[in-house]
Amino acid sequence: MAPALRVDVLTLFPGLFDGFLGESILSRAIAKGLVDVKLWNFRDWAEGKHHQVDDRPYGGGPGMVLMAPPLVAAAEAVALMAEPVGRLIAMTPQGTRLNQSKVRELAGEPRLILVCGRYEGFDERILETLCPEQISIGDYVLSGGEVAAMVVIDAVMRLIPGVLGDAESAIDESFSPEVGLEYPHYTRPREFRGLPVPEVLLNGDHAAIERWRREQSRMRTEAAHAHATGATITVVPPERIG
Ligand code: ADE
C-alpha cells in the first residue's frame, strides 16, 4: 500500500536528516510504511566539473545566492518522479508562519516537496519559476531550511493515522494551540524537592480532574495570549459591570 504521506526533501545537506529519520516515532512510521521521506541533493542537478550551486549576488553584497538552474531542474525532476506531483513548499524566513492549522492542512496532502535554502537564500527567479508556497517556522533566520523542514515533517507526520501509538494519540487533540494550550502533567514521584502533585489528580474523581485540567488549560492559554499581544488588562463587558 502506498504511504499516507510522501515527503521529498531537496537539500544540499541530506546527512542532517540521518538522526532525525532514524530514531523514535518517525523511524517507526517509515518502517510501518505510513510515511515515506526521500532526500535529494540538488547538487546532483548542477552542471560543470564543480557542480556549482551558489554564486555571488549581482549588485554586490555579502554571502552567496543559490543559483536557479540546478534547483529548478531538481524540483521539476523530483516532482515528476511520483504521482501526484505534490505540494511544493520552500522553507524561507519570509514565508507564512507555520501554525497547527497549517500543519493539519498539510497532513491532508498525499505528497509534500520541501525545498531547503542555504546561504543568503534563493535567486528570486527560483521562486518566480516554481511558485512554491513559502513557509517560515518563526521570525528568526536559520542557516538553512533543513531544521525548518524537520519541524514541518515532525508536526505533520504525527497527525497521520497510525503514526502515534494508542497511548500517545489518546492525548486530546482538541488541545491544539488555537483551541487551548495543554494542562500541566505530573508523574511519579508524588513529591519532588518539596513540590507536591496537585491533590485533585490523586483522588480518582475524574470529573474533578477534567474540570481542573480545562481550567488550567484556559489559564495557560489566556496568559500566553496576553503575553503575545502585550495585553495587561482584562476587559470586562459592560453588561457585567455593576
Ligand atoms: N530558512 C532560514 N530561516 C528560516 C525560517 N525561520 N523558517 C523557515 N525556513 C528558514
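Because the structure is predicted, anything quoted here is derived from the model rather than measured.

(A) Quick peek at the domain arrangement of the protein chain. The domain architecture assigned to the protein chain consists of domain 1 (5–157) and domain 2 (191–240). Look at where the C-alpha atoms of domain 1 and domain 2 centre, and you get two points 39 Å apart.

(B) Here's a closer look at a nonpolar patch on the surface. The grouping of Tyr 140, Leu 142, Val 147 and Val 151 at the surface amounts to a nonpolar patch, some 320 Å² of accessible area in total. Among the secondary structure elements, Val 147 is positioned in helix 6 (residues 146–157).

(C) A look at the pattern of salt bridges. All chains considered together, the criterion is met by 14 salt bridges. For Glu 105, the salt bridge goes to Arg 87, with nearest N and O atoms at 2.4 Å. Residue Glu 105 is found in helix 4 (residues 100–107), and its partner Arg 87 is found in strand 5 (residues 87–97); the two are separated by 18 residues along the sequence. Residue classification places Glu 105 among the partly exposed positions, given a relative accessible area of 39%. In this structure, Arg 87 and Glu 109 form a salt bridge, with 2.8 Å as the shortest nitrogen-oxygen distance. Here Arg 87 is found in strand 5, whereas its partner Glu 109 is found in the loop between helix 4 and strand 6 (111–116), with 22 residues between them in sequence. A relative accessible area of 16% places Arg 87 in the buried class. Accessibility expressed as a relative area gives 23% for Glu 109, which makes it partly exposed. One salt-bridge network, in which partners are shared between bridges, spans Arg 87, Lys 102, Glu 105, Glu 109 and Glu 133.

(D) Representation of the site of the ligand within the structure. Taken together, Met 91, Thr 92, Pro 93, Ile 135, Ser 136, Ile 137, Gly 138, Tyr 140, Val 141, Leu 142, Gly 144 and Ala 148 make up the full set of residues adjacent to the ligand. The separation between a nitrogen atom of the ligand and a polar main-chain atom of Gly 138 is 3.1 Å. A distance of 2.8 Å separates a nitrogen atom of the ligand from a polar backbone atom of Tyr 140. Protein chains bury 96% of the 260 Å² of accessible surface belonging to the ligand in isolation. At the level of secondary structure, the elements contributing two or more residues to the shell around the ligand comprise strand 5 and strand 7 (133–136). Class assignment of the residues belonging to the shell around the ligand gives a composition of eight nonpolar, four polar and no charged.

Rules used throughout
Residues numbered from 1 in each chain as written. Predicted model: local features only at pLDDT ≥ 70, side-chain atom pairs only at ≥ 80, totals over all residues. Heavy atoms only, no water. Domains from an automatic or database assignment. Patch = residues over 30% accessible without salt bridge, like charges linked within 9 Å, V, L, I, M, F, W, Y side chains within 5 Å. Areas by Shrake-Rupley, 256 points an atom, 1.4 Å probe, with all protein chains shown as cover. Salt bridge = Lys/Arg side-chain N within 4 Å of Asp/Glu carboxyl O. Helix = DSSP H or I, 4+ residues; strand = E, 2+ residues; numbered from the N terminus. Buried < 20%, exposed > 50% of the residue type's maximum accessible area, 1.4 Å probe, protein only. Near = heavy atom within 4 Å. Polar contact = N/O pair within 3.5 Å; in protein donor to acceptor, adjacent residues only side chain to side chain. Nonpolar A, V, L, I, M, F, W, Y, C, P; charged D, E, K, R; others polar.

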